[in-house]
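Breakdown of the fold
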Amino acid sequence: MTQDVEKRWNDPRTARKATMYAGGVIVAALVVMGVAILWGTNSGQDCSDAAFAVCTDPARQILVFGPTLVLLLGGLGALLTAYRTWKRGGRWPIWQGAGWVLLVLMVVYATISARAII
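Residues numbered from 1 in each chain as written. Predicted model: local features only at pLDDT ≥ 70, side-chain atom pairs only at ≥ 80, totals over all residues. Heavy atoms only, no water.

**Some thoughts on the overall build of the protein chain**
Looking only at helices and strands, the protein chain features three helices and zero strands. Each helix and strand of the protein chain, placed in order from N terminus to C terminus, yields the pattern α-α-α. When burial is assessed residue by residue, the protein chain has 31% of its 118 residues classed as buried. Taking the intrachain contacts of the protein chain between residues at least 6 apart in sequence as the baseline, contacts between residues at least 24 apart amount to 67%. By element, 66% of the accessible surface of the protein chain is carried by carbon and sulfur atoms, the whole surface being about 7800 Å². (Helix = DSSP H or I, 4+ residues; strand = E, 2+ residues; numbered from the N terminus. Buried < 20%, exposed > 50% of the residue type's maximum accessible area, 1.4 Å probe, protein only. Contact = heavy atoms within 4.5 Å. Areas by Shrake-Rupley, 256 points an atom, 1.4 Å probe, with all protein chains shown as cover.)

Here it is as structure tokens:
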């Protein structure tokens, strides 16, 4: 078993997997956001007096909570993979980094999009 303080974490295969995983989660969150925007803007209601282009409540809630939930589950999935990789003695910090990136993106998105429901 390697020591956790060692800095030999160069593992291109694991880095590629973690990057593809994080990219896939981000793309999934963007797809959920895009579907919510399209659904909200094509609802047929007049939104001329609204502050946002998405003026229906269900579409706004999906726009706020959908991508946030996708990023949260993706971040937790990456951290779970980091734990499993650590238990096997692999290069776990790569997966931990991917998990933290996804969780930070979740907090940033939730903070910015919260204005839509307040």
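**Overview of a positive patch on the surface**
A contiguous patch of positive charge, built from Arg 13, Arg 16, Lys 17, Arg 84 and Arg 88, is present on the exposed surface. Breaking the positive patch down by element, the ones donating at least two residues are helix H1 (12-41) and helix H2 (57-88). With three residues, H1 is the single largest residue contributor to the positive patch. For Arg 13, the location among the structural elements is in helix H1. (Patch = residues over 30% accessible without salt bridge, like charges linked within 9 Å, V, L, I, M, F, W, Y side chains within 5 Å. Salt bridge = Lys/Arg side-chain N within 4 Å of Asp/Glu carboxyl O. Lys, Arg positive; Asp, Glu negative; His and termini not counted. Charge placed at Lys NZ, Arg CZ, Asp CG, Glu CD.)

**Comments concerning the UniProt feature "transmembrane region" (unreviewed entry) in the protein chain**
This chain's UniProt record puts "transmembrane region" (unreviewed entry) on residues 21-41, 61-82 and 94-112. As annotated, residues 21-41 comprises 100% helix and 0% strand, and the C-alpha atoms at either end are separated by 30 Å. When the span residues 61-82 is considered, its composition is 100% helix and 0% strand, and the gap between its end C-alpha atoms is 31 Å. (UniProt positions renumbered as here; feature names shortened; annotations may be inferred.)

**Regarding the packing of aromatic side chains**
Counted by the stated rule, this structure contains two aromatic pairs. Pairing Tyr 21 with Trp 95 gives two aromatic rings, centres 5.6 Å apart and planes at 65°, and the pair type is edge-to-face. Of the two residues, Tyr 21 is situated in helix H1 and Trp 95 in helix H3 (residues 92-113); the sequence distance between them amounts to 74 residues. Taking relative accessible area as the criterion, Trp 95 reaches 9% and is therefore assigned buried. Ring plane angle 35° and centroid distance 5.8 Å describe the contact between Tyr 83 and Trp 86, whose orientation is recorded as tilted. (Phe/Tyr/Trp six-rings, centres within 6.5 Å; stacked < 30°, edge-to-face > 60°.)

**Focus: the nonpolar core**
The biggest cluster of nonpolar side chains holds 17 residues, and the ones touching the most others in it are Ala 18, Leu 63, Leu 71, Trp 95, Ala 98 and Leu 102. The element contributing the most residues to this core is H3, with six residues. With residues near it in sequence (within four places) discarded, Leu 63 still touches Met 33, Ala 36, Ile 37, Val 54 and Tyr 109. (Core = buried A, V, L, I, M, F, W, Y, C linked by side-chain atoms within 4.5 Å.)

**Comments concerning the environment of Leu 102**
As for its position among the elements, Leu 102 is in helix H3. For the pair Leu 102 and Val 70, spaced 32 residues apart in sequence, the C-alpha separation works out to 9.5 Å. Discounting chain neighbours no more than four positions away, the residues touching Leu 102 are Tyr 21, Ala 22, Val 25, Ile 26, Leu 71, Gly 74 and Gly 75.

**Quick notes on H1**
Think of an α-helix as turning once every 3.6 residues; residues three or four places apart then point the same way. Taking 1.5 Å as the rise per residue, H1 with 30 residues should run 44 Å; its terminal C-alpha atoms sit 42 Å apart, in good agreement. The set of residues buried in H1 consists of Thr 14, Ala 18, Ala 22, Val 25, Ala 29, Ala 36 and Gly 40. In this structure, the buried side of H1 is in contact with H2 and H3. (Expected span 1.5 Å × (residues − 1).)

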